[in-house]
Amino acid sequence: MLESILMSVGLPALLMSVIVTCFWWPKAFAGGWWGRGTVVIVLVGAVTVSFIASVGLPAWPPSQKWHGLVWFATALGILGLVDTTVHRDQWAVRMFLAGLVGLSASWLLKLPAMSQLTVGCAIGIGAFLTAMTDARGGRGLTMLGWGWASAAAISMLTLVTGAISVSLMAGALSATAACVLVLAIIFRARSVGEIGGGALVMGGLLTALALTSYSYDYDTVPTWAWWLSLGSIPAVCLFEVGAFARWQGLSASIIRFVFAAALPVCAILLNWSLIEGALSG
């Protein structure tokens, strides 16, 4: 198990950290589209490398239904790169992109006992909500923070269900988000902390990973736990309403992170006995 974690979680996080450093170190690349696009690339790259490390090169058509995750991640990455060029107030464009995310999910990710309409709508909504929170001014750091917590919760809950490869993919996403968050703080003086980007991808991947795990196991993990693991998405949206949306600065970022990360952390703590049993087994 330790070798699997190193290869499918540690290796992707390390490779993505190297990529981020290479793109963020030169000041010419640190800001603007390059900086924002790098976040998209490394988030998608993390789950893709994890899949390859644990399963192998993806086949087309997928040999198993959940293998569509890696193809969906690729499509999501392309749409995520487009999203980095969209201004925050262009909600209609982001709604259109989220619709394309949903269509891609319904086509590429066929899950057992779950209609394609449900899969597409759920993932599209998750991507849209997070994309609408994407903004300059340091919220990219907040997204990496709550995304790290949510992906960690999904990874641990998925481990309980026995879907090891999916758990490792979520773990790779969590570890990469945490590493990029640290690098963003380190490079913040070079304007990297202001770039944002990747929110649409984060929301789409988190929802897709949680749905995949849930579709293969209805009994071991309580349904409410999956909702809690994704609770960061609606929670962070509350801070984009009214006066909260105008709240800026370090204190605002910290409160946003703590509030959004609290729900997935609760999902871990309330199911710790199950998680501990899966880890010991």
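Details of the structure are given in the entry above.
Quick caveat, the model's predicted, so the values are computed rather than measured. Throughout, residues of each chain are indexed from 1 in the direction in which the sequence is written. Where local features are concerned, this predicted model is filtered to residues with pLDDT of at least 70; where side-chain atom pairs are given and counted, the filter is 80 or more; whole-chain, interface and lining totals use all residues. To obtain the side-chain values, all non-hydrogen atoms of the structure were included, while hydrogens and water were left out.

Asker: Just give me the short version of the layout of surface pockets, but keep the residues and values in it.
Answerer: Approximately 440 Å³ is the volume attributed to the largest pocket. Both site types are read off a 1 Å grid over the protein atoms alone. A 1.4 Å probe that fits but cannot get out defines a cavity, while an open set with protein on both sides within 12 Å along at least five of seven lines defines a pocket; lining residues have an atom within 4 Å of a point. Surrounding the largest pocket, 18 residues form its lining, Ala 122, Thr 207, Leu 211, Trp 227 and Leu 230 being those nearest its centre. Broken down by secondary-structure element, the contributors of at least two residues to the lining of the largest pocket are α6 (116-133), α9 (199-215), α10 (223-229) and α11 (232-237). The element that contributes the greatest number of residues to the lining of the largest pocket is α6, accounting for six residues. Grid points are joined across faces, edges and corners, and a volume is the space filled by probe spheres set on the points. Helix and strand definitions follow DSSP, with helices as H or I runs of at least four residues and strands as E runs of at least two, each counted in order from the N terminus.

Asker: Account for the packing of helix α1 (residues 2-24) against helix α8 (residues 164-186), with residues named and values stated.
Answerer: Axis definition: a line fitted to C-alpha atoms, over the contacting stretch in the case of helices. Angles run 0 to 180 degrees between N-to-C directions. Contact geometry for α1 and α8: axes closest at 8 Å, N-to-C directions at 30°. Classified by the angle between their axes, α1 and α8 sit roughly parallel to one another. In the packing of α1 onto α8, the handedness of the crossing is right-handed. Residues Ser 4, Ile 5, Ser 8, Val 9, Pro 12, Ala 13, Met 16, Ser 17, Val 20, Thr 21 and Trp 24 of α1 form the contact with α8, whose own contacting residues are Leu 168, Gly 171, Ala 172, Ala 175, Thr 176, Cys 179, Val 180, Leu 183 and Ala 184. Roughly parallel means an angle under 35 degrees; roughly antiparallel, over 145; roughly perpendicular, 65 to 115; everything else is oblique. Each helix crossing is assigned a hand: it is left-handed if the near helix lies turned anticlockwise from the far helix by less than a right angle, otherwise right-handed if that turn is clockwise. Contacts are residue-level and defined by heavy atoms, with any inter-residue pair within 4.5 Å sufficient.

Asker: So what's going on with the packing of aromatic side chains? Which residues, and what values?
Answerer: Each aromatic ring pair is summarised here by two numbers: the centre-to-centre distance and the angle between the ring planes. To pair, rings of Phe, Tyr and Trp, with the six-membered ring standing in for Trp, must have centres within 6.5 Å; the planes then decide the type, stacked if under 30 degrees apart, edge-to-face if over 60, and tilted in the middle. For the structure on display, the rule yields three aromatic pairs. For the pair Phe 51 and Trp 66, a centre-to-centre distance of 5.7 Å together with 70° between the ring planes defines the contact as edge-to-face. One end of the pair, Phe 51, is in helix α3 (residues 32-54); the other, Trp 66, is in the loop between α3 and α4 (68-83), with 15 residues separating them in the sequence. Accessibility expressed as a relative area gives 10% for Trp 66, which makes it buried. Judged by centre distance (5.6 Å) and plane angle (80°), the rings of Trp 60 and Trp 71 are edge-to-face. With Trp 60 in the loop between α3 and α4 and Trp 71 in helix α4, this pair connects stretches of sequence that are 11 residues apart. The cut-offs for exposure are 20% and 50% of the maximum accessible area for each residue type, with area from a 1.4 Å probe on protein chains only; residues under the lower value are buried, those over the upper are exposed, and the others partly exposed. Since its relative accessible area comes to 28%, Trp 71 is described here as partly exposed. Among the aromatic residues, those joined into a cluster by ring pairs are Trp 60, Trp 71 and Trp 107.

Asker: If you had to explain the pattern of salt bridges to someone new, which residues and values would you point to?
Answerer: One speaks of a salt bridge when a side-chain nitrogen belonging to Lys or Arg is within 4 Å of a carboxyl oxygen belonging to Asp or Glu. By the definition in use, this model includes one salt bridge. In this structure, Asp 83 and Arg 94 form a salt bridge, with 2.7 Å as the shortest nitrogen-oxygen distance. Within this pair, whereas Asp 83 is found in helix α4, its partner Arg 94 is found in helix α5 (residues 91-108), the two being separated by 11 residues in sequence.

Asker: Give a detailed account of the packing of α4 against α5, specifying residues and quantitative values.
Answerer: When two helices pack together, their arrangement is given by the angle between the helix axes and by the axis-to-axis distance. Relative orientation of the contacting elements α4 and α5 amounts to 165°, with a least axis distance of 9 Å. Regarding the angle of α4 to α5, the classification is roughly antiparallel. Between α4 and α5 lies a crossing whose hand is right-handed. Touching Gly 68, Trp 71, Phe 72, Ala 75, Leu 76, Leu 79, Val 82 and Asp 83 of α4 are Arg 94, Leu 97, Leu 100, Val 101, Ser 104, Ala 105 and Leu 108, all from α5. Taken together, the residues of the contact of α4 with α5 break down into 11 nonpolar, two polar and two charged. Any residue that is not Ala, Val, Leu, Ile, Met, Phe, Trp, Tyr, Cys, Pro, Asp, Glu, Lys or Arg is counted as polar, Gly included; the first ten are nonpolar and the last four charged.

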